[in-house]
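Descriptive analysis of the structure
What follows is the residue order along each chain.
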Amino acid sequence: MVDYRTVKSVAVLEVNNPPVNALSYNVRQGLQDGIERANKDKEIKSIIIIGKGRTYPAGADISEFSKPHKGPNLIEVGLGIESSRKPVISAIHGTCLGGGLEIALFSHYRIALESAKVGFPEVALGLLPGAHGTQRLPRVAGMAFAMEIITSGRHVSAREALQHGILDKLVKGNLLSESLDFAASLPFSVPHNRRLRNVPAKGAENADRIFEVALNKVKQKQNGFIAPINCLKAVKAALLPYEEGAKIERELFMELLTSGQAKAQQYVFFAERAATRWYVSNEKNQKKCSAVPVKTTGVIGAGTMGSGIVVTLLRAGLPVILVEQDSQNLERGVNMIKGILQGSVNLKRMTSQQMNKCLQQLTPAQSLDSLHNVDLVIEAVFENLKLKEEIFGKLDEICKQQTILCSNTSTLDIDKIARATKRPDKVIGTHFFAPAFVMPLLENVYGTKTSGETIATVMNLGKTIRKIPVLVKTCHGFVANRMLARYQTEASFLLEEGCLPHEYDQVMEEFGFPMGAFKVGDLSGLDIGYRIRQELAKANGYTVTTDTRYIQGERFSSLADKLYELGRLGRKTGKGWYKYDRPGAKEAFVDPDVTDIILKHCKDAGIIRRKISTQEIVERSMYSSINEGFRCLEDGVASKPEDIDVIWLHGFGFPRYRGGPMYYASTIGLAEVYDRICYYHKTFPESSYWVPSDLLRKLATSGRNIPMSDWSTAATVNKSRL
Ligand SMILES: C/C=C(\C)C(=O)SCCNC(=O)CCNC(=O)[C@H](O)C(C)(C)COP(=O)(O)OP(=O)(O)OC[C@H]1O[C@@H](n2cnc3c(N)ncnc32)[C@H](O)[C@@H]1OP(=O)(O)O
């Protein structure tokens, strides 16, 4: 795993552990042995550590964290490097991250290709750089920069790293030969100040203020996460003598390592990667199916969703023809697109030049005919099946044979939309989340006839447009909205039974969501939910009014519709579940009028309100959704629990440090979750979604702790048994 060779008087230790040269047991052992061997060899004057293939080590091997420890740890390897009598040079390319950067900081010199990146992403795994990274970075880059880099986990360009003293030299061309030249220029012994333990941390004079500023930022931006706070405390300890600081780093690291947050965040790391791997059947899966190139695109509908999708495509360098029949709406859409891009320029996320390049790729049009030659079309009109069927029928006539036709539906059956065409194999759902140019999730939805090639193409498109694509099977609401419906319905019932919107929101925000359900409702607009309920009623042949209390035997809360009818549409009207200073304002205030509406609603319906505990709010919100998640696995709508978790993390802001709803259920214990679902089923028999999922029952009552990786298999066995 570490190849040892000599080039004249230089020992070259080449780490060879694809794909990212993670510092697994064999690599650590190889580095330790290599340093010892080179120090014993009289012919060797200096040592170079370099990575084979695409990168310098990108960190510890995360998959080893859950296994028993083996071999020398990273600190032992690092101290061996630092105490080497012969100069050690880290030659960096690709991504030098985490433990990789720590190895580089134990080295006496760091030379890098201009394209390299360095960083400490441990915080995203619920950890801190625990092999003295928090002690060494402030010694080269200063307290303020170290705190920023370690708490954000961001990847720093080689040029910026050079400016901050992390790197000694940038080179172009062949990294090894440049490093050999560099080695030849060095003195034979290691100067005192090249061993970073001998150097004081920079910025000590302002350390208290720097710490306070960083702590406030962390509390605002990473509320609920414990790792960033421990990161800051550890960096501050770099002001102490080296050994004392390192001891504090160790204690803070161990606190994190054994925390549930770190385990959850490491689970998320692998879940996010697993979610991009898809499998429908032996013939339709990621390994067997290839994507077709998408060079030109079309978007239908210039509303908020359509415009957001256009921005996402343009930013990824794809040309877009935006079709909107109504000229005023088209103009409004184009202005919205310009506004969003200008916002990115203002935030320095793109240059004016890049914005202009994007806009040159945009072609506004009023007729579907203009889409005849594009590779892929995304329809983003109102959530109305008839309208979508009509559009897909026309697209089928207009577009070239190979064009893939996507619908940005959030609930509707892809099979029904596909039936409006003679190319059901090329029809697929691409469900974006609002705002589409911000939210990272892309829920791709396949129908019965969608081909493997079409699926591969939209999964690939997801990566191209820098989204996290997850594949699910068609059904009403797919995975995201099917589960969310339970969450929102329970929120509305909790309101009827005793909560007020701000009380409910506070509990769920303390659980870790960035906003509670009622603040989210105000942000999206109460008219959206109202329209969906009316459409559903129409499609299923019933009516919903503000007096409705049951729909086809199921309990229903009309509170949201009452607010809608009062013109309280949320932020946009300055009034919704909360009140706002003016339409469009962000800060929400408790509105006594809403309290009156709720109390009157309850009185009229004969509901006796009660005090509801935090535990009940969390359980009813989460367990109702989790039960639906198990049904999604049971139905094969979701193929693995990781997909569901990634959907909640990136579609609904589920707290990363809890892993996702399915992972959260596994940490509570399925037996406990199942018991509580049974209890709520008994308590609320008029809400059929509390009927426990068969799969959950089976897993919970198996008497064994079945790992999440086996849940989907259990679902298949379950189905064939039924
Ligand atoms: C204490 C803790 C210490 C000392 C640490 O060092 S913690 C680890 C710090 N490092 C990281 O967190 C880096 C994690 N990796 C990445 O950010 C990215 O993989 C990358 C930027 C290095 C490369 O990105 P990309 O090209 O998109 O590749 P993938 O992310 O898809 O990864 C490819 C496969 O490699 C697996 N992988 C990546 N990093 C690690 C790792 N540190 N340990 C174990 N495995 C890793 C990743 O899961 C992919 O595997 P497959 O999904 O293809 O099976």
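Residues numbered from 1 in each chain as written. Predicted model: local features only at pLDDT ≥ 70, side-chain atom pairs only at ≥ 80, totals over all residues. Heavy atoms only, no water.

1. Description of the overall build of the protein chain
Condition: Secondary structure elements are defined from DSSP: runs of H or I of at least 4 residues count as helices, runs of E of at least 2 residues count as strands, and each element is numbered from the N terminus. For the radius of gyration, the atom set is restricted to C-alpha positions; the globular benchmark scales as 2.2 Å times the number of residues to the power 0.38. Exposure is judged per residue with a 1.4 Å probe applied to protein chains only, and the accessible area is read against the type maximum: over 50% gives exposed, under 20% gives buried, and values in between give partly exposed.
Helix and strand content of the protein chain: 29 helices and 19 strands. Whereas a compact globule of 722 residues would reach a radius of gyration of roughly 27 Å, the protein chain reaches 28 Å, a difference of no more than 12%. Reported as C-alpha extents along the three principal axes, the dimensions of the protein chain are approximately 90 × 60 × 60 Å. Here the protein chain holds 722 residues, and the buried ones make up 55% of them.

2. Looking at the UniProt feature "domain: 3-hydroxyacyl-CoA dehydrogenase C-terminal" (unreviewed entry) in the protein chain
The condition that has to hold: UniProt positions are given in the numbering used here, feature names are shortened, and annotations may be inferred rather than shown by experiment.
Under the UniProt annotation, "domain: 3-hydroxyacyl-CoA dehydrogenase C-terminal" (unreviewed entry) lies at residues 477-580 and 617-704. Along residues 477-580 one finds 57% helix and 4% strand; the C-alpha atoms at either end are 31 Å apart. Between the end C-alpha atoms of residues 617-704 there is a gap of 29 Å, over a span that is 67% helix and 0% strand.

3. With respect to the environment of Val-381
Structurally, Val-381 can be placed in the loop between strand 13 (376-379) and helix 15 (385-398). A relative accessible area of 21% means that Val-381 is categorised as partly exposed. Linking Val-381 and Asn-17, residues 364 residues apart in sequence, is a C-alpha distance of 48 Å.

4. Observations concerning the environment of Tyr-504
Using the following cut-off: The contact criterion used throughout is that any non-hydrogen atoms of two residues lie within 4.5 Å.
With respect to the helices, strands and loops of the structure, Tyr-504 is situated in helix 19 (residues 501-511). Its relative accessible area of 0% is what places Tyr-504 among the buried residues. When neighbours within four sequence positions are excluded, Tyr-504 is seen to be in contact with Tyr-487, Ala-491, Leu-494, Cys-499, Ala-517, Phe-518, Ile-617 and Ser-621.

5. Thoughts on the sheet that holds strand 4 (residues 88-92)
Heads up, the rule is: Two strands qualify as a pair provided DSSP detects at least 2 bridges between them. Each axis is a line fitted through C-alpha atoms, and for a helix only the stretch in contact is used; angles between axes span 0 to 180 degrees, taken between their N-to-C directions.
The 6 strands are arranged 1-2-3-4-6-9 in an open sheet whose pairing can be described as mixed. Both outer strands of the open sheet, strand 1 (2-7) and strand 9 (169-171), are each paired with one neighbouring strand and no more. Across this sheet, the average inter-strand angle for adjacent strands is 25°, counted without regard to direction.

6. Focus on the pairing of strand 14 (residues 404-407)
Condition: Whether a crossover is right-handed depends on one test, that the path from the first strand over the helix to the second runs clockwise when the strands point away from the viewer.
Side chains Ile-404 and Cys-406 project from strand 14 onto one buried face, and the interleaved Leu-405 and Ser-407 project onto a second face that is buried too. Relative to strand 14, strand 13 runs parallel, the two being bridged by 4 bridges. Paired with Leu-376 across the strands is Ile-404, a residue of strand 14. Since strand 13 and strand 14 lie parallel, the crossover through helix 15 that links them has a hand, and here it is right-handed. Looking at chain direction, strand 14 and strand 15 (residues 427-432) are connected through 3 bridges and run parallel. Following the sheet pairing, Leu-405 is matched in strand 15 by Val-427.

7. Quick word on the sheet that holds strand 12 (residues 362-365)
On the basis of which strands lie adjacent, the open sheet formed by 8 strands has the order 12-11-10-13-14-15-16-17 and mixed pairing. The strands lining the two open edges of the sheet, one partner per strand, are strand 12 and strand 17 (468-473). Averaged over neighbouring strand pairs, the angle between their axes works out to 25° when direction is ignored. Bridging between strand 11 (residues 320-323) and strand 12 involves 4 bridges; their strand directions are parallel. For Leu-322, the partnering residue across the bridge sits in strand 12 and is Pro-364.

8. Details of the UniProt feature "domain: 3-hydroxyacyl-CoA dehydrogenase NAD binding" (unreviewed entry) in the protein chain
When the UniProt feature table is mapped onto this chain, "domain: 3-hydroxyacyl-CoA dehydrogenase NAD binding" (unreviewed entry) is found at residues 297-474. Measuring from the first to the last C-alpha atom of residues 297-474 gives 23 Å, for a span that is 42% helix and 21% strand.

9. What to know about a positive patch on the surface
Basically, it comes down to this: Only residues whose relative accessible area exceeds 30% and that form no salt bridge enter a patch; like-charged residues are grouped when within 9 Å of one another, and nonpolar side chains (Val, Leu, Ile, Met, Phe, Trp, Tyr) when within 5 Å. Residue burial considers only the protein chains on display, and all accessible areas are found by Shrake-Rupley using a 1.4 Å probe. We define a salt bridge as a side-chain nitrogen of Lys or Arg found within 4 Å of a carboxyl oxygen belonging to Asp or Glu. For the charge count, each Lys or Arg is scored as positive and each Asp or Glu as negative, with His and the chain ends excluded. Charged side chains are reduced to one point each, which is NZ for Lys, CZ for Arg, CG for Asp and CD for Glu.
Together, Lys-217, Lys-221, Arg-315, Arg-349 and Arg-466 make up a positively charged patch on the protein surface. On the secondary structure map, Arg-466 appears in the loop between helix 17 (452-464) and strand 17. Residue Arg-466 is classed as exposed on the basis of its relative accessible area of 62%.

10. Digging into the site of the ligand
The condition is simple: Near, as used in this document, describes a residue that has one of its heavy atoms within 4 Å of the molecule or strand being considered. Definition of a polar contact: a pair of N or O atoms within 3.5 Å, with one able to donate and the other able to accept a hydrogen when the atoms are protein atoms, and with sequence-neighbouring residues admitted only if both atoms are side-chain atoms. Each residue receives one of three labels: charged for Asp, Glu, Lys and Arg, nonpolar for Ala, Val, Leu, Ile, Met, Phe, Trp, Tyr, Cys and Pro, and polar for the others, Gly being one of them.
Around the ligand, the surrounding shell holds 23 residues, and the nearest of these are Arg-54, Ala-60, Gly-99, Arg-273 and Arg-277. Here a nitrogen atom of the ligand and a backbone polar atom of Ala-58 are 2.8 Å apart. The separation between an oxygen atom of the ligand and a polar main-chain atom of Ala-60 is 2.7 Å. Here the ligand, which alone exposes 980 Å², has 72% of that area covered by the protein. Going through the elements one at a time, strand 5 (95-97), helix 3 (99-106) and helix 11 (260-275) are the ones with two or more residues in the shell around the ligand. By residue number, the principal contributor to the shell around the ligand is helix 11, which donates 3 residues. Across the shell around the ligand, the residue classes tally to 13 nonpolar, 4 polar and 6 charged.

11. Description of the state of the cysteines
The bond known as a disulfide is covalent and runs between the sulfur atoms of two cysteines. How we decide: Disulfides are defined as cysteine sulfur pairs within 2.5 Å.
Taken as a whole, this structure holds 0 disulfides when the rule is applied. Lacking any disulfide linkage, Cys-406 is separated from the closest cysteine sulfur, that of Cys-399, by 11 Å. For the unlinked cysteine Cys-475, the closest cysteine sulfur is that of Cys-632, found at 5.9 Å.

12. Description of the domain arrangement of the protein chain
We apply this condition: Domain boundaries shown here were taken from an automatic or database domain assignment.
Taken domain by domain, the protein chain consists of domain 1 (2-258), domain 2 (295-477), domain 3 (499-605) and domain 4 (614-721). Distance from the C-alpha centre of domain 1 to the C-alpha centre of domain 4: 41 Å.

13. Digging into the pattern of salt bridges
One pass over the structure, following the stated rule, counts 40 salt bridges. Across the pair Asp-168 and Arg-194 runs a salt bridge whose closest N-O atoms are separated by 2.8 Å. Separated by 26 residues along the polypeptide, Asp-168 in the loop between helix 6 (158-163) and strand 9 and Arg-194 in the loop between helix 7 (175-184) and helix 8 (207-221) bring together distant segments of the chain. Between Glu-509 and Lys-519 there is a salt bridge, and its shortest N-O distance comes to 3.1 Å. With Glu-509 in helix 19 and Lys-519 in helix 20 (residues 517-524), this pair connects stretches of sequence that are 10 residues apart. On the accessibility criterion, Glu-509 (25% relative accessible area) is partly exposed.

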